[in-house]
Amino acid sequence: MHSSIWDRKYNRIIAAVLVLSMLFSLTGCGSTAGYIYGKGLRQLDLMEKANEIPSLSGNGNGSDDSSNSWTFDPDDNAEYAETENQEFEDYLSDCFKKAVTQDSISYNYQVKDGSKFGIEPPKATLGDARLDQNTLEKQKKEMEEDYQKLLSFENAELTEEERFIYETMKTDSEIQLHLFDNTYLYEPFSPMRGVQANIATNFTDYRFDDKSDVEDYVIMMGQMRDYFDTMLEFEYEKSKAGYFMADKIADKIIEQCDEFTAEKSNHFLIESFDSRIDQLSFLTAEEKKEYKERDKQAVLNSAIPAFEDLKKTMQELKGTGQNELGLCYYDGGREYYTGYVFPVYSGSSKTVSEEINVTENRQQNLILQMTAVYYSNPDAYQYFTANYKTLQESYDKKSASELLDYFMENVMDEYPDLERIPYNVNYLDKHMEKIMDGVLAYYMSPPIDDEDNNLIYVNGAHPDGMWTTLSHEGCPGHMFQNAYFQSTDPKPIRAIQGNLGYMEGWAVYTSYNSLNHCDFDGSEYAPALAQLYKLNEDLGYLLYGRIDMGVNFEGWNLDDVKSFLERSGYSTDIAEDVMTIVIGDPGVYLSYTVGYYEMEEMREYAEQELGSNFDAKEYHKAILSCGPCQYKDLKIVVDKYIEENR
């Protein structure tokens, strides 16, 4: 759940190169006008038919994917229990306790006071990082047993809420089981989602509510080397089996290791810890001194060596990989992409082939819309292309808090009422700005029993584009979505049951909608600029999503990617970088593209069904009240909203 500098970087290229060339590319386009490791470690954190873009041939296996198997057709006459099913409630409670106690970071992130839920905090641990085949087989068996236990409630008498929770958990379980189709396709050290890319923020964001939190933090810092080394054993296994990563991905990870280990005694993790410790009133001066020294030794003797070990392993194994292209070139890779990667990151139950058609048609429609603005309002179009970098300059000059407060007061008319959301904004320190250079900002949701502790972190090294960044991360995006759902007092298991397609789809959808409230520094072209800005952002995200599916499902190589970019009006200079991203982290941008398309499609469906009876505020209330889930489950909620408002 973050805004990435990659988005901004390439949208700038698009603004400079794509927008003007789009008008001349139409003919060329064919148009007439939680179980495997890392469950607890957070990742920072994306229609009408038109003429289609000619398909790229690709070089992978040409077989198509079948529809995802999970289906649920709600019975309009279904009868629900009036009282909760205690056995099912006990099952949900057990699932919640298991999820939040798997490691200390999960517990600290999700719960402030475990006693409220009848659980004790786990002993300080980063979790079980073992990935040997025996451990993975044991995990698979446990997950299958959990799934069978869930299925035992298929015909049980459940309340309407319980039935919905059952369906969401069933859907999620069926997707997660595909992780075990080929465990060698799992990559614990991917450039964007990997442990090495996220563990620093997991530590810098770790809350210190009392002395035990500080103690656990220092202990876990001392565990980091062993934690990494256990996973590095898996990299050697993958290498022997022919599944080690592409060389250019290994190079990315080596660069990350060099960045992390550049400083020793002045390491940012040491300085960050010291600064935070100084602010804790429950520690004595002597205790602060002792903890600072213990942490420093843990960073120097565990954290830094962990990254040095990772670099050494990458250097040793580089060149042993047998695939420099997408997932579909691995044995079982296409099935892994269709069964796990695509649904888990997009939230969609469409097949990949169906989504490719949606994306290609959408691209043509966006181009046509942009062309229409060009012809209907050429002055606004020229103003947009000439001033893209400074269109929202006055908003970029505001502090993050000023802008977030502005959003809460001025862009929330279509969303359900909610008391002002308490939040704090933290700017990354100078060390973290460089380590997290690829991140513009990110939202950190509070523990479910501490709803007022909303945090937004901003990378001050990238002060531009703050309107879309903070509307995405704050209001009406992630922060509002989470705060509103928590205000409905969901059951604990639902409060921690995220879904990237829903969450990022909502954030992109609302960020785009917020542009209608932007006056673009008082420009006379504000309505047209809002439309063009949205179209440009949408085309930028579409770039990643389409290439992701092309590379990992259809088998595109670099020439195919360049061909797609060229025929679409993009600069081919970005081809290699974009391809490296989608090879290193397959599916990472599907949440922003497909997730948004599904969210938009859901609204269009509701509007079409209700006509003049459609009310945006009530619709959004229905969407938000159910919480994150796969879109097929969200449609159950939307269908109910439609029936109640016809």
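Residues numbered from 1 in each chain as written. Predicted model: local features only at pLDDT ≥ 70, side-chain atom pairs only at ≥ 80, totals over all residues. Heavy atoms only, no water.

Enquirer: Residue-level account of the pattern of salt bridges, with values.
Expert: With the rule as written, the count across this model stands at 31 salt bridges. Note that Arg294 is salt-bridged to Glu215, the shortest N-O span being 3.0 Å. Pair noted here: Arg294 is in helix α10 (residues 285–317) and Glu215 is in helix α7 (residues 211–241), with a separation of 79 residues, a long-range link. A residue is classified by how much of its surface remains accessible, and Arg294, at 29% relative accessible area, is partly exposed. A salt bridge links Lys632 to Asp633; its shortest N-O distance comes to 3.4 Å. (Salt bridge = Lys/Arg side-chain N within 4 Å of Asp/Glu carboxyl O. Helix = DSSP H or I, 4+ residues; strand = E, 2+ residues; numbered from the N terminus. Buried < 20%, exposed > 50% of the residue type's maximum accessible area, 1.4 Å probe, protein only.)

Enquirer: I'd love a proper account of the packing of aromatic side chains, names of residues and values included.
Expert: Considering all chains together, one arrives at 42 aromatic pairs under this definition. Ring geometry for Tyr388 versus Tyr533: centroids 5.6 Å apart, planes at 20 degrees, classification stacked. With Tyr388 in the loop between α13 (378–387) and α14 (393–396) and Tyr533 in helix α21 (residues 526–554), this pair connects stretches of sequence that are 145 residues apart. Of the two residues examined, Tyr388 and Tyr533, each falls in the buried class. Through a chain of ring-to-ring contacts, the aromatic side chains of Phe189, Phe228, Phe260, Phe268 and Phe307 assemble into a single cluster. (Phe/Tyr/Trp six-rings, centres within 6.5 Å; stacked < 30°, edge-to-face > 60°.)

Enquirer: Mind laying out a negative patch on the surface, listing which residues take part and the relevant values?
Expert: Together, Glu137, Glu142, Glu144 and Glu145 make up a region of like negative charge exposed at the surface. Considering the arrangement of structural elements, one finds Glu145 in helix α4 (residues 133–151). (Patch = residues over 30% accessible without salt bridge, like charges linked within 9 Å, V, L, I, M, F, W, Y side chains within 5 Å. Areas by Shrake-Rupley, 256 points an atom, 1.4 Å probe, with all protein chains shown as cover. Lys, Arg positive; Asp, Glu negative; His and termini not counted. Charge placed at Lys NZ, Arg CZ, Asp CG, Glu CD.)

Enquirer: Please give an account of the pairing of strand β4 (residues 454–458) that cites residues and values.
Expert: Summarising burial for β4: five of the five residues are buried, a large majority. Side chains of β4 alternate between two faces, with Asn454, Ile456 and Val458 and Leu455 and Tyr457 buried alike. Of the pairings in the sheet, the one linking strand β2 (residues 423–427) to β4 comprises five bridges and is parallel in character. Paired with Tyr423 across the two strands is Asn454, which belongs to β4. (Pairing = 2+ DSSP bridges.)

Enquirer: Summarise the environment of Glu419; cite the residues concerned and give the values.
Expert: Residue placement: Glu419 occurs in the loop between α15 (400–410) and β2. Separated by 64 residues in the primary sequence, Glu419 and Ala483 place their C-alpha atoms 9.8 Å from one another.

Enquirer: Can you lay out the nonpolar core for me, pointing to particular residues and giving the numbers?
Expert: Counting 177 residues, the largest nonpolar core has Phe228 and Ile547 as its most contacted members. Looking at this core, the element that brings in the most residues is α21, giving 16 residues. Those residues in contact with Ile547, other than ones at most four positions away along the chain, are Trp556, Val561, Phe564, Leu565, Val578 and Val582. Residues Phe96, Phe153, Ile165 and Tyr166 belong to the second largest nonpolar core, which totals 17 residues. (Core = buried A, V, L, I, M, F, W, Y, C linked by side-chain atoms within 4.5 Å. Contact = heavy atoms within 4.5 Å.)

Enquirer: Pulling in residues and values, what's your account of α10?
Expert: In this model, α10 (33 residues) spans 47 Å end to end at C-alpha, consistent with the 48 Å of a helix rising 1.5 Å per residue. Of all the bends in α10, the greatest, near 40 degrees, is centred on Val299. Where α10 terminates, the next one or two residues include Gly319, which has phi positive at roughly 100 degrees. (Expected span 1.5 Å × (residues − 1). Bend = angle between axes of the 7 residues up to and from the residue.)

Enquirer: Account for the packing of helix α22 (residues 558–568) against helix α23 (residues 575–584), naming residues and giving values.
Expert: Remark: α22 packs on α23, axes separated minimally by 9 Å, with the N-to-C direction vectors making an angle of 120 degrees. The angle between the axes of α22 and α23 places the two elements in the oblique class. Like other packed secondary-structure pairs, α22 and α23 cross with a definite hand, here right-handed. Here α22 contributes Leu558, Val561, Lys562 and Leu565 to the contact with α23, which in turn contributes Ala575, Glu576 and Met579. When its residues are assigned to classes, the contact of α22 with α23 shows five nonpolar, no polar and two charged. (Axes fitted to C-alpha atoms, helices over the stretch in contact; angles between N-to-C directions. Parallel < 35°, antiparallel > 145°, perpendicular 65-115°, else oblique. Left-handed = near helix turned anticlockwise from the far one by under 90°. Nonpolar A, V, L, I, M, F, W, Y, C, P; charged D, E, K, R; others polar.)

Enquirer: Kindly report on the state of the cysteines, identifying the contributing residues and their values.
Expert: All told, the structure shown has zero disulfides when counted by the stated rule. Left unpaired, Cys629 is separated from the closest cysteine sulfur, that of Cys626, by 4.3 Å. What makes Cys629 buried here is its relative accessible area of 3%. (Disulfide = S-S within 2.5 Å.)

Enquirer: Any details on α7? Residues and values, ideally.
Expert: Helix length check: α7, at 31 residues, gives a terminal C-alpha distance of 45 Å against a target of 45 Å (1.5 Å per residue), a fit within 8%. Along α7, the largest kink reaches about 40 degrees and is centred on Gln223. With its phi angle positive at about 85 degrees, Gly242 sits one or two positions after the end of α7.

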